[in-house]
Amino acid sequence: MCSSRAVRIIYITVSGLLLVLGLAGPVLAQAPHVLLLDVGGVINPVKERLIARTIEQAERDKAALVVIELDTPGGLVTSTRVIVEELLEADVPTVVYVSPRGAQAGSAGTFITVAANFAVMAPGTNIGAATPVSATGQDLNETLANKATNDAAALIRSIAQERGRNAEKLEETVREAASFTATEALELNVIDFIASDLDDLLAQLNGQTVATSAGASTLDTRDLQLRRVDKSLLEHFLEFISNPNVSFILLTVGGLGIVAEIFNPGLIFPGVIGVIALLLAFLALGNLPVNWAGVAFIGLAIVLAVLEAQVAGWGILGVGAIISFVVGGLILFSQFGGASPTLPPIGVNRWLLAGVTGSMALALLYLVRVVVQSRQGGTEDQRPSLIGQTAIVASKLAPRGVVRVGNETWTAISENGTVIAPGETVTVTGIDGLILTVSPQSDSESSTAQSV
């Protein structure tokens, strides 16, 4: 009897534990709650995926509401359109809350704010200024401006009509770069109301009727749990490398590493670092309005710089490298053809560009100085200790490769174009600038014996 009772108790306990373990997650997820998402900075594919993921999570977990706290100067038109589509098609009620005080919903932010079910602003914020400009912030020529402006105006009109907002005033943000304070936006029916904080926001939403893709409903925002959606580690990383300055550095380091490995095969380390940096740079550039002519100029600059070090162009190649590098950095994010009606001016920081360019110029100047001194002084007088020294082939000479002379690594060319395998011992027979001429040690010894 006791045994039977004990079995029943164990059975009930285990069943209860399994029930809790199996259902606690779904029950917790479906409890009445609000998903909060903080979106700041330039609107790009990272923000696009983050907003889409949040809305999808809200629909899956039966959230009562999604609140996007927005502070942005603008962003990519492609990402803006996708976010607008997500907001218009969402099954869960959405709120875009321009906050904190002093925040803005500029350019792309205007489109995103008015596309939500509820457009709300904190005191001291502003919205608007969505006139199309180039990625550098310059005005467009008349043909491009008309095309981009008309397209953006049509988009914002359609959003206004869908959400019942003031289409005329919203169109002015596109055609006339109009910008409104929170109070002005409320009076003009651009937004729904002003909220001092999240508690005030939820209090004003309580009892409001909202129509979503899933149908109409009345909001009950009392005693809702606030759950904040954070960026994943990957999203934080993508956001970091998508900074124009970071992507510029990655592109420069990657290019230098790859070209250095090509001209000095066998070093390995520059090649590995270069490939990784270059792949990260291309990943970052995928989130930015890159001008591929700028990438080409930076690549050319790196090739010219390495050639200057390898073939000693007496400074001509170095000057070309500096000019190409500066031009590439300046136009890397400039869009001369198409334009975005939602993108703020972005580009490589001028101080960063000047610093990197100055460092490259100093390095090339030093190399040119070494080469000139070497040639003016005569090769044997300048480095007499190198001639006749023994070297070890570090990478295959076919006929160009790398050798080690003592603790130094040199670019070398085999005499008479002889192919010499790694690990072979060679003798330095000449030096031209920063490039050694070597021959197999057996050949050197035989020539010395013949001369004796």
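Residues numbered from 1 in each chain as written. Predicted model: local features only at pLDDT ≥ 70, side-chain atom pairs only at ≥ 80, totals over all residues. Heavy atoms only, no water.

> Residues and numbers for the nonpolar core, please.
The biggest cluster of nonpolar side chains holds 45 residues, and the ones touching the most others in it are L87, F111 and V190. For this core, the element with the highest residue contribution is helix α5 (residues 142-163), accounting for 6 residues. What L87 contacts, discounting residues up to four positions off in sequence, is I55, I68, T94, V96, I112, A115, A116 and R163. Within the second largest apolar cluster, 27 residues are counted, among which are L251, I298, L332 and V348. (Core = buried A, V, L, I, M, F, W, Y, C linked by side-chain atoms within 4.5 Å. Buried < 20%, exposed > 50% of the residue type's maximum accessible area, 1.4 Å probe, protein only. Helix = DSSP H or I, 4+ residues; strand = E, 2+ residues; numbered from the N terminus. Contact = heavy atoms within 4.5 Å.)

> Tell me what's going on with the sheet that holds strand β8 (residues 193-194), and back it up with residues and numbers.
Strand order across the open sheet formed by 6 strands is β8-β5-β3-β2-β1-β11, with parallel pairing between neighbours. Either end of the sheet is taken by a strand with one partner, and the two such strands are β8 and β11 (225-229). (Pairing = 2+ DSSP bridges.)

> Account for helix α8 (residues 198-205), with residues named and values stated.
Of the positions making up α8, those classed as buried are L198, L201, L202 and L205. All buried residues of α8 lie within an arc of 90° about the axis, which places them on one face of the element. Of the residues in α8, the exposed ones pointing more than 90 degrees away from the buried face are D199 and A203. Residues of α8 that are buried in the fold lie against β1 (33-40), β2 (65-71), β3 (94-98), β5 (118-121), β8 and β11. Where α8 begins, the side chain of D197 points an oxygen toward the backbone nitrogen of D199, at a separation of 3.2 Å. Following α8 by one or two positions, G207 has its phi on the positive side, about 85°. (Arc of directions from axis to C-beta. Polar contact = N/O pair within 3.5 Å; in protein donor to acceptor, adjacent residues only side chain to side chain.)

> Let's hear about the sheet that holds strand β7 (residues 179-181): which residues, and what values?
The mixed open sheet is built from 3 strands, whose spatial order is β4-β6-β7. At either end of the open sheet lies a strand with only one pairing partner, and these are β4 (104-106) and β7. Between one strand axis and the next, the sheet turns by 15° as a mean value, whatever way the strands run. Strands in contact with helix α4 (residues 108-115) are β4 and β6 (126-128); relative to β4, the strand with the most contacts, it is inclined by about 105°. (Axes fitted to C-alpha atoms, helices over the stretch in contact; angles between N-to-C directions.)

> Which residues make up the environment of V246, and what values go with them?
Looking at the secondary structure, you find V246 in helix α10 (residues 244-263). Considering only alpha carbons, one finds V246 and V348, 102 residues apart in sequence, at a separation of 8.9 Å. Here V246 is in contact with F240 and I241, once residues within four sequence places are set aside.

> Outline the packing of aromatic side chains, supporting the account with residue identities and numerical values.
Inspection of the entire model under this criterion finds 1 aromatic pair. Plain terms: the ring middles of F248 and F325 are 5.6 Å apart, the flat faces sit at 50° to each other, and that makes the pair tilted. Here the residue F248 occupies a position in helix α10, and F325 occupies one in helix α13 (residues 316-331), the gap between them amounting to 77 residues. Exposure remark for F248: the relative accessible area of 0% places this residue in the buried category. (Phe/Tyr/Trp six-rings, centres within 6.5 Å; stacked < 30°, edge-to-face > 60°.)

> An account of unusual backbone geometry is requested, with residue identities and associated values reported.
Going from S99 to P100, the amide bond is cis rather than trans, its omega being 0°. Along the chain, P100 turns up in the loop between β3 and β4. A cis amide bond links A398 to the next residue, P399, at an omega of -5°. Tracing the chain through its elements places P399 in the loop between β12 (390-395) and β13 (400-405). Although it is not a glycine, A177 sits at a positive phi angle of roughly 55°. Looking at the secondary structure, you find A177 in the loop between α6 (167-175) and β7. Phi is positive for D223, which is not a glycine, with a value near 60°. Along the polypeptide, D223 turns up in the loop between β10 (215-218) and β11.

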